[in-house]
Amino acid sequence: MKLSELQTIDQNIIKFLAEHRGIDRAVKGKILAQALDIDFRTLQSRIEYLHKQGCAIGSIDNGYFIPTNEDERRAGIIKKQRTGIAINNAVNGYTLAELDWIDQLFKED
């Protein structure tokens, strides 16, 4: 894949993040989105697409970055794994919840 083969928005994300190599240079997603004049959800969606295209874009609490070594890559992976576990737990709870759970909470014994 070449940069020129990507959509302009994806090219812009990569060009911006090229200046944020290393976990210590992570940029907050909201700042990145503002700089690119897109909303945060669009940014997240485009980065998800770039992940599928083989782009190693890390994310931690401090923001997005390009990992420069295996420790940084691992930190980004662990963050994603924890997010995945939290999402899985939410889906399981939502799936298993009774539809009248709220009424049961307010029921007096």
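Whatever comes next refers back to the structure up there.
If you're wondering where the values come from, they're calculated on a predicted model, not measured in any experiment.

A.B. asks: I tried to follow the overall build of the protein chain on my own but got confused; where do I start?
C.D. replies: Helix and strand content of the protein chain: five helices and two strands. Listed by position from the N terminus, the elements making up the protein chain come as α-α-α-β-β-α-α. Its C-alpha atoms give the protein chain a radius of gyration of 19 Å, more than 25% over the compact-globule value 13 Å for 109 residues. Projected onto its principal axes, the C-alpha positions of the protein chain cover 65 × 30 × 25 Å. Intrachain contacts of the protein chain at a sequence separation of at least 6 include 51% that bridge at least 24 residues. If you sum the accessible surface of the protein chain, you get close to 8200 Å²; carbon and sulfur atoms cover 51% of it. Both charge centroids of the protein chain, one from 15 positive and one from 16 negative side chains, sit 9 Å from each other.

A.B. asks: Help me understand the environment of A56, please; the structure alone is not making it clear to me.
C.D. replies: Inspection of the secondary structure puts A56 in the loop between α3 (40-52) and β1 (58-60). Non-local contacts of A56, meaning those with residues more than four positions away in its chain, are made with F65, I66 and P67.

A.B. asks: What's the story with the pattern of salt bridges in this structure? I'm lost.
C.D. replies: A pair can form between side chains of opposite charge whenever their charged atoms are brought close. Within this structure, the stated rule accounts for five salt bridges. Note that D71 is salt-bridged to R74, the shortest N-O span being 3.0 Å. Note that D71 and R74 are positioned in helix α4 (residues 70-96) at a spacing of three residues, about one turn of the helix.

A.B. asks: Is there a simple way to think about the packing of aromatic side chains in this case?
C.D. replies: Where two aromatic rings form a pair, the distance of their centres and the angle of their planes describe that pair. What the rule picks out here adds up to zero aromatic pairs. Above the plane of the ring of Y49 lies R46, whose end atom (NZ or CZ) is 4.6 Å from the centre.

A.B. asks: Can you walk me through the side chain of E72 in this structure?
C.D. replies: Secondary-structure assignment places E72 in helix α4. In this structure E72 is buried but unpaired, with R73 as the nearest side chain of opposite charge at 9.5 Å. What E72 contacts, discounting residues up to four positions off in sequence, is G22, I23, F65, I66 and P67.

A.B. asks: Help me out: how do you make sense of helix α1 (residues 8-17) in this one?
C.D. replies: All of the buried residues in α1 are D10, Q11, I13 and L17. Down the axis of α1, the buried side of the element spans an arc of 160 degrees, and every buried residue falls inside it. Contacts made by the buried residues of α1 are with α2 (29-36), α3 and β2 (63-65).

A.B. asks: Looking at this structure, I do not really get the packing of α1 against α2. What am I missing?
C.D. replies: Packed helix pairs are characterised by how far apart their axes lie and by the angle those axes make with each other. Between α1 and α2, whose axes approach to 11 Å, the crossing angle comes to 125 degrees. Taken as axis vectors, α1 and α2 run oblique relative to one another. As for the relative orientation of α1 and α2, their crossing is right-handed in sense. Two secondary-structure elements touch here, α1 through N12, I13, F16 and L17 and α2 through L32, A35 and L36. Residue classes in the contact of α1 with α2 are distributed as six nonpolar, one polar and no charged.

Conventions used here
- Residues numbered from 1 in each chain as written.
- Predicted model: local features only at pLDDT ≥ 70, side-chain atom pairs only at ≥ 80, totals over all residues.
- Heavy atoms only, no water.
- Helix = DSSP H or I, 4+ residues; strand = E, 2+ residues; numbered from the N terminus.
- Rg over C-alpha atoms; globule rule 2.2 N^0.38 Å.
- Contact = heavy atoms within 4.5 Å.
- Areas by Shrake-Rupley, 256 points an atom, 1.4 Å probe, with all protein chains shown as cover.
- Lys, Arg positive; Asp, Glu negative; His and termini not counted.
- Charge placed at Lys NZ, Arg CZ, Asp CG, Glu CD.
- Salt bridge = Lys/Arg side-chain N within 4 Å of Asp/Glu carboxyl O.
- Phe/Tyr/Trp six-rings, centres within 6.5 Å; stacked < 30°, edge-to-face > 60°.
- Lys NZ or Arg CZ within 6 Å of the ring centre and 35° of its normal.
- Buried < 20%, exposed > 50% of the residue type's maximum accessible area, 1.4 Å probe, protein only.
- Arc of directions from axis to C-beta.
- Axes fitted to C-alpha atoms, helices over the stretch in contact; angles between N-to-C directions.
- Parallel < 35°, antiparallel > 145°, perpendicular 65-115°, else oblique.
- Left-handed = near helix turned anticlockwise from the far one by under 90°.
- Nonpolar A, V, L, I, M, F, W, Y, C, P; charged D, E, K, R; others polar.

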